[in-house]
Amino acid sequence: MKKFFWGASTSAHQVEGGNKNDWTEWEEKTAHEMPERAKHRQWFKSMPNIYTFLKNHHNYVSGGACDHYHHYEEDFNLAKSLGHNAHRFSIEWSRIEPRKGEFNEQEIEHYRNVIKALQERGLEPFVTLYHWTVPLWFRDEGGWLNRRSPKYFERYVQKLTESYKDLGIKFWITINEPEVYAGHSYLKGEWPPEIRSYRKYFKVMRRLAHTHVLAYRAIKSINPNAEVGIAKNNIYFEAHGINPWNKFLKWCADYFWNYQFLNRIKGEQDFIGLNYYFHNRINWSFGKNENKKVSDMGWEIYPEGLYHVLCGIWRYKKPIYITENGVADEEDKFREEFIREHVMAMRRAMSEGIDVRGYFYWSLLDNFEWDKGFAPRFGLVEIDYVTQDRRVRSSAEAYKNIIEESLRLPENSA
């Protein structure tokens, strides 16, 4: 029986603070526009105290974030105390290679200490190499539209894999949610570099797939025992009723959103990291959800969808780790129920033979939620962004109970 991993996830830009990359410059440039932009987003009316956040454009600048860069040991102590045995985090490329071809050994050593801190606490590191932010030099050379971008990323990956070879890192995630990043940045034009082009969107998606393949081969050539995958955001598209049009739209959405990228890399991934947040009911058009219960982001809470997306990606017959599953819930009203019901949906899939080997809640800490700023509260641990004090939420203790309950199941199954 494979060991089951329970934990939570973070990403460097969202929690570390003090970064200097394409996102930090974009935040500073656009922060004054963000309150007005927010008024036109679906989550605007759902967010508690949203008008307080709208008054201050600094809420849209990551700045010091959670200062996890300096508080990581404290944060990992909290994770361990909450029963976690694994943690997913990302390495900030712009720290490692701030100038083209020049690597910062001090920052490489910093992340070495981060990895060792996890290992010393019995937390299995799941290392993400790219979580949406890029160095300024990379951006200035055209970002992912530059035909050499996959080779640049490969060089960065080779450097890290060689540097940490002695640490025995088993799990590597090359890219986080390629379709979400490409869609918001190169199709909708809402995130840097704010491009709206179908042609460029598909070019970036193809390039990211090639990037993953090069990174996969680089890691495996240096550490053959490593397991390498991506973190893929999949949506449960539900065709309402027996309407053939609804079923056709579902097929299209499944193909282009859920499976196209995975099809491109299916020969070169050892596992699939699944990020699940959304259900989308189709009734002549998309977005016909009942929304009986929604998060602070206005996203429908639909645990059953996790079961369905797990069934969908089992077609690849690869081990699955749920690398993100979380809810924005400032008042901590339904996070416990959210976790428990999604874990139940996961167990249902496992009972039918689907090989799920881990569950990571998003997120360990409240954090900077990209263009939504600091308003959404996803964390098991509440962050006071003024004092940097940490407070464990009651739902985090409930998650700990779920983990402990799992240990009493036969054969230590989930």
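Bear in mind that the values here come from a model prediction, so they are computed numbers and not experimental data. (Residues numbered from 1 in each chain as written. Predicted model: local features only at pLDDT ≥ 70, side-chain atom pairs only at ≥ 80, totals over all residues. Heavy atoms only, no water.)

Side note on the pattern of salt bridges
Thought 1: This model, assessed by the stated rule, comprises 32 salt bridges.
Thought 2: What you see here is one network of salt bridges that share partners, running through Lys20, Glu25, Arg139 and Asp140. (Salt bridge = Lys/Arg side-chain N within 4 Å of Asp/Glu carboxyl O.)

Quick notes on the sheet that holds strand E10 (residues 356-362)
Thought 1: Strand order in the closed barrel formed by eight strands is E1-E2-E3-E4-E5-E7-E9-E10, and the pairing between neighbours is parallel. Averaged over all neighbouring strand pairs, the angle between strand axes comes to 25°, with direction disregarded.
Thought 2: Where strand E5 (residues 227-233) lies against strand E7 (residues 271-275), five bridges are found, and the strand directions are parallel. Along E7, the bridge assignment pairs Ala231 with Gly273.
Thought 3: Sheet contacts for helix H13 (residues 304-313): E7, strand E9 (320-324) and E10; angle to E7, the most-contacted strand, approximately 155°.
Thought 4: In this fold helix H14 (residues 335-351) packs onto strand E1 (5-9), E9 and E10, with an angle of close to 165° to the strand it touches most, E10. (Pairing = 2+ DSSP bridges. Helix = DSSP H or I, 4+ residues; strand = E, 2+ residues; numbered from the N terminus. Axes fitted to C-alpha atoms, helices over the stretch in contact; angles between N-to-C directions. Contact = heavy atoms within 4.5 Å.)

Comments concerning a nonpolar patch on the surface
Thought 1: A cluster of nonpolar side chains, namely Trp245, Phe248, Trp251, Tyr255, Phe256 and Trp284, defines an oily patch on the protein surface of about 730 Å² accessible area.
Thought 2: Of note, Trp245 is situated in helix H12 (residues 244-265).
Thought 3: In this structure Trp245 comes out as partly exposed when scored by relative accessible area, which is 39%. (Patch = residues over 30% accessible without salt bridge, like charges linked within 9 Å, V, L, I, M, F, W, Y side chains within 5 Å. Areas by Shrake-Rupley, 256 points an atom, 1.4 Å probe, with all protein chains shown as cover. Buried < 20%, exposed > 50% of the residue type's maximum accessible area, 1.4 Å probe, protein only.)

Overview of the environment of Ser90
Thought 1: Within the secondary structure, Ser90 sits in strand E2 (residues 86-90).
Thought 2: C-alpha of Ser90 to C-alpha of His131: the two residues are 41 residues apart in sequence and 6.6 Å apart in space.
Thought 3: With residues near it in sequence (within four places) discarded, Ser90 still touches Thr10, Ser11, Ala12, Glu16, Tyr111, Thr128 and His131.
Thought 4: A polar side-chain atom of Ser90 sits 2.7 Å from the main-chain amide nitrogen of Ala12. (Polar contact = N/O pair within 3.5 Å; in protein donor to acceptor, adjacent residues only side chain to side chain.)

Focus on the nonpolar core
Thought 1: Formed by 107 residues in total, the largest nonpolar core has its most connected members in Trp6, Trp144, Tyr164, Met346 and Tyr359.
Thought 2: Ranked by residues supplied to this core, first place goes to helix H11 (residues 198-222) with ten residues.
Thought 3: Excluding residues within four positions of it along the chain, Met346 makes contact with Phe4, Trp6, Leu306, Leu310, Ile322, Val356, Gly358, Tyr359 and Ala414. (Core = buried A, V, L, I, M, F, W, Y, C linked by side-chain atoms within 4.5 Å.)

Quick word on unusual backbone geometry
Glycine aside, a negative phi is what most residues show, and trans is what most peptide bonds show.
Thought 1: The step from Pro192 to Pro193 runs through a cis peptide bond, and the omega angle for that step is 10°.
Thought 2: Position of Pro193 relative to the elements: it lies in the loop between helix H10 (178-187) and H11.
Thought 3: Cis peptide bonds are those with omega within 30 degrees of zero, and the linkage from Trp362 to Ser363 qualifies with 10°.
Thought 4: Residue position: Ser363 is located in the loop between E10 and strand E11 (381-383).
Thought 5: Of note in this structure, Glu177 is not a glycine but carries a positive phi near 45°.
Thought 6: Mapped onto the elements of the fold, Glu177 is located in the loop between strand E4 (171-176) and H10.
Thought 7: In the Ramachandran plot, Lys317 falls in the positive-phi region, its phi being about 55° despite a non-glycine side chain.
Thought 8: Inspection of the secondary structure assignment puts Lys317 in the loop between H13 and E9.
Thought 9: Overall, Lys317 belongs to the exposed group, its relative accessible area being 54%.

That is the geometry; function is a separate question.
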